[in-house]
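Report on the structure
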Amino acid sequence: MRFTHVTLAQRVLFGSGKAAVNLAAETARVGAQRIMVITSGSHVALARAVTSRINVHQWHEGTPMHVPIGVADRVSATVKEKDIELLISIGGGSATGLAKAAARATSIPIVSVPTTYAGSEATNVWGLTDRGLKTTGIDDRVLPVAVIYDAQLTTSLPVDISIASGLNAIAHSIDSFWAPGTNPINQTLAEEGIRALSIGLPLLTRDPNDLAGREYALYGAYLSAVAFASAGSGMHHKICHVLGGSFDLPHAQTHAIMLPYVLAFNTRAAPEAQSRIAAALGAATALRGVQRLRDHLEAPRTLGDYGFTAARIPRAVKLSLTAIPAGNPQEVTPEGLTALFHAALTGAAPETLCN
Ligand code: NAD
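All of these numbers come straight from a predicted model, not from anything done at the bench.

1. Some thoughts on the packing of helix α6 (residues 184–206) against helix α11 (residues 286–297)
One can describe the packing of α6 onto α11 by two numbers: an axis separation of 10 Å at closest approach and a directional angle of 15 degrees. In this view, α6 runs roughly parallel relative to α11, as classed from their interaxial angle. For the pair α6 and α11, the sense of crossing is left-handed. On the side of α6, the interface is formed by S198, L201, P202 and T205, while α11 contributes L293, H296 and L297. Tallied by class, the residues present in the contact of α6 with α11 amount to 4 nonpolar, 3 polar and no charged.

So, in structure tokens, the structure goes:
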């Protein structure tokens, strides 16, 4: 074995019903007095309850997806003006992403309280959108110093968003089997992440208030994000990035749709990954396991449902060809990518890509 693995320095506090107590403890640990909370407009009440034990100096309510640069600049300016010492993000990847943009501009630390399965809280990756183009990068200043997971906060996340977000998390794990920095540690985390999510997502789909299901999903989302943070972006993420950034497709749903297609495309050339993913899903093959789970969850099926069209495929192929990392297990050709996008456009059987 020969590999490099980086473990990012971050405290993780996990406990249902414990968010307010754990947040107060982490805030005291950081020693910050002037605190700014960044949260989505859709769950301000939840954020007020979580921060009931601390003094909040400044609120930012409203977190558009993909971190538009204008909003990020406004938040960063407020952080400087008000001498903020700690940022607290409460919400999904959009709230975390906005806090990360402010942390990058000001070097102020973040404590993150995630309410979806996006996993951004466990990575040092930032993203920013300027005039329709999304740029991402790595900066350790954007890694939250602490993450507070409380499954009770996720019971209000609608089931359809939970499913798409959970499949986004599984995609973090699956892509980490062939991303540029893949290594045995990432792969082990990824296996457990897939296993936990495949238990949790069906439970929460049956009953959105099922705390055990929500806990499995949150735990799996964290493991998957840690694997992804270390492995980097592989073919799946690069393609979804193109679809989200250049064709305005929604983040989590796009991941949910593309997952079986990238899996079918790559696993024929990655037998060990295929058998480990299959084992994590308790299925005969990785693809069958993912498809069984997606069927059970009634996951999003076609890119066409989200406004993608055949006319856009040549541009998506061109952009993806330059974005996909060189070490992808299966050779990436314009013909192969064209077939992949056509299949995902209409929800055709991914098995056709295995031949
Ligand atoms: P999101 O944060 O936009 O949340 C989706 C929707 O769910 C929003 O309408 C939000 O208001 C709502 N919501 C969130 N929590 C809720 C709750 N508990 N109850 C009710 N409603 C709730 O979307 P997301 O999928 O979590 O994050 C997507 C963003 O995160 C994208 O911009 C993506 O690029 C980014 N992301 C970044 C990384 C990274 O490592 N930097 C990793 C994953 C995702």
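2. With respect to helix α8 (residues 235–247)
Between its terminal C-alpha atoms α8 stretches 17 Å, which fits the 18 Å expected from 13 residues at 1.5 Å a residue. Elements that come into contact with the buried residues of α8 comprise α5 (159–175), α7 (211–231), α9 (251–267), α12 (313–323) and α13 (334–346). Among the residues trailing α8, D248 stands out with phi positive, at a value near 60 degrees.

3. Overview of the side chain of S89
Note that S89 resides in strand β4 (residues 86–91). If we ignore the near neighbours within four places in the chain, the residues touching S89 are I38, A95, T96, A99, I110, V111, S112 and V113.

4. Brief notes about the site of the ligand
Taken together, 22 residues sit near the ligand, with S42, S94, T116, T123 and K134 positioned nearest. Residue S42 places a side-chain N or O atom 2.6 Å away from an oxygen atom belonging to the ligand. At 2.6 Å, a side-chain N or O of T123 approaches an oxygen atom of the ligand. In the complex, 85% of the free accessible area of the ligand, which totals 860 Å², lies under the protein chains. Those elements giving two or more residues to the shell around the ligand turn out to be α4 (93–106) and α5. Per-element tally for the shell around the ligand: the top contributor is α4, with 3 residues.

5. Brief notes about unusual backbone geometry
Even without a glycine there, the phi angle at H66 is positive, about 70 degrees. Tracing the chain through its elements places H66 in the loop between β3 (58–61) and α3 (69–81). The buried category is assigned to H66, whose relative accessible area is 15%. Despite not being glycine, D83 has its phi angle at roughly 55 degrees, a positive value. Assignment of secondary structure puts D83 in the loop between α3 and β4.

6. Comments concerning the pattern of salt bridges
Charged atoms that come close allow side chains of opposite charge to pair. Within the structure shown, the criterion is met by 9 salt bridges. Its salt-bridge partner being E272, residue R276 comes within 3.6 Å of it at the nearest N-O pair. Placement of both R276 and E272 in helix α10 (residues 271–281) is noted, with a separation of 4 residues, approximately one turn of the helix. Among the residues examined, R276 registers a relative accessible area of 17% and is labelled buried. Several salt bridges converge on common partners, so that one network encompasses R11, E26 and R29.

7. Focus: the sheet that holds β3
Taking strand neighbours across the sheet as the criterion, the 6 strands line up as β1-β8-β5-β4-β2-β3 in an open arrangement whose pairing is parallel. Lying at the two open borders of the sheet, with one neighbouring strand each, are β1 (11–14) and β3. Averaged over all pairs of adjacent strands, the angle between their axes in this sheet comes to 15 degrees, without regard to strand direction. Pairing between strand β2 (residues 35–39) and β4: 5 bridges, direction parallel. Following the sheet pairing, T39 is matched in β4 by I90. Lying over the sheet, helix α1 (residues 19–30) contacts β1, β2, β4, β5 (110–114) and β8 (146–149), oriented at roughly 170 degrees with respect to β8.

8. Here's the deal with a nonpolar patch on the surface
There is a patch of nonpolar side chains on the surface, built from V12, F14, Y216 and Y219 and spanning about 310 Å² of accessible area. When contributions to the nonpolar patch are tallied by element, the ones reaching two or more residues are β1 and α7. Within the secondary structure layout, V12 lies in strand β1.

9. Focus: the packing of aromatic side chains
Overall, the coordinates contain 4 aromatic pairs when judged by the stated rule. Ring geometry for F14 against Y149: centres 5.7 Å apart, planes inclined by 40 degrees, an arrangement best described as tilted. Taken together, the residues span a long stretch of sequence, with F14 in strand β1 and Y149 in strand β8 at a distance of 135 residues. Taking the relative accessible area as the measure of exposure, Y149 reaches 1% and is therefore buried. For the pair Y149 and Y222, a centre-to-centre distance of 5.7 Å together with 65 degrees between the ring planes defines the contact as edge-to-face. Highlighted residues: Y149 in strand β8 and Y222 in helix α7, separated in sequence by 73 residues. Among the aromatic residues, ring-to-ring pairing joins F14, Y149 and Y222 into one connected group. One cation-aromatic arrangement involves R48 over W59; the distance from NZ or CZ to the ring centre is 4.0 Å. Sitting over the face of the ring of W126, R104 holds its NZ or CZ atom 3.6 Å from the ring centroid.

Calculation notes
Each chain has its residues counted from 1, running along the sequence as written. Confidence filtering applies because this is a predicted model: local features only for residues at pLDDT of at least 70, side-chain atom pairs given and counted only at 80 or more, and all residues used for totals across whole chains, interfaces and linings. Side-chain descriptors were evaluated using all non-hydrogen atoms of the structure, hydrogens and water having been removed beforehand. Helix axes are fitted to C-alpha atoms over the stretch in contact, other axes to C-alpha atoms as well, and angles between N-to-C directions run from 0 to 180 degrees. Counting from the N terminus, the helices are DSSP H or I runs at least four residues long and the strands are E runs at least two residues long. Put simply, angles under 35 degrees are roughly parallel, angles over 145 are roughly antiparallel, angles from 65 to 115 are roughly perpendicular, and the rest are oblique. By definition, turning the near helix anticlockwise from the far helix through less than a right angle yields a left-handed crossing, and turning it clockwise yields a right-handed one. By definition in these notes, contact holds between two residues if any of their heavy atoms fall within 4.5 Å. Residue type decides the class: Asp, Glu, Lys and Arg count as charged, Ala, Val, Leu, Ile, Met, Phe, Trp, Tyr, Cys and Pro as nonpolar, and the leftover types, Gly among them, as polar. The length a helix should cover is 1.5 Å for every residue beyond the first. Distances are taken per atom, and a residue is near a molecule or strand as soon as one of its heavy atoms is within 4 Å of it. Whenever a nitrogen or oxygen atom comes within 3.5 Å of another N or O atom, the pair is scored as a polar contact, on the condition that within protein one atom can donate a hydrogen and the other can accept it, and that pairs from neighbouring residues in sequence are kept only if both atoms are in side chains. Where accessible areas are quoted, they stem from the Shrake-Rupley method and a 1.4 Å probe; at the residue level, only the protein chains shown are allowed to cover. Only protein chains enter the accessibility calculation, which uses a 1.4 Å probe; a residue whose area is less than 20% of its type maximum is buried, one above 50% is exposed, and one in between is partly exposed. Each reported salt bridge corresponds to a side-chain nitrogen of Lys or Arg within 4 Å of a carboxyl oxygen of Asp or Glu. Strand pairing is assigned whenever DSSP detects at least two bridges linking the two strands. Within the patch definition used here, like charges are joined within 9 Å and nonpolar side chains (Val, Leu, Ile, Met, Phe, Trp, Tyr) within 5 Å, considering only residues with over 30% relative accessible area and no salt bridge. Pairing of aromatic side chains here covers Phe, Tyr and the six-membered ring of Trp, requires ring centres within 6.5 Å, and sorts the geometry by plane angle: under 30 degrees stacked, over 60 edge-to-face, intermediate tilted. Placement of a charge over a ring requires the Lys NZ or Arg CZ to be within 6 Å of the ring centre, with the centre-to-atom vector within 35 degrees of the ring normal.

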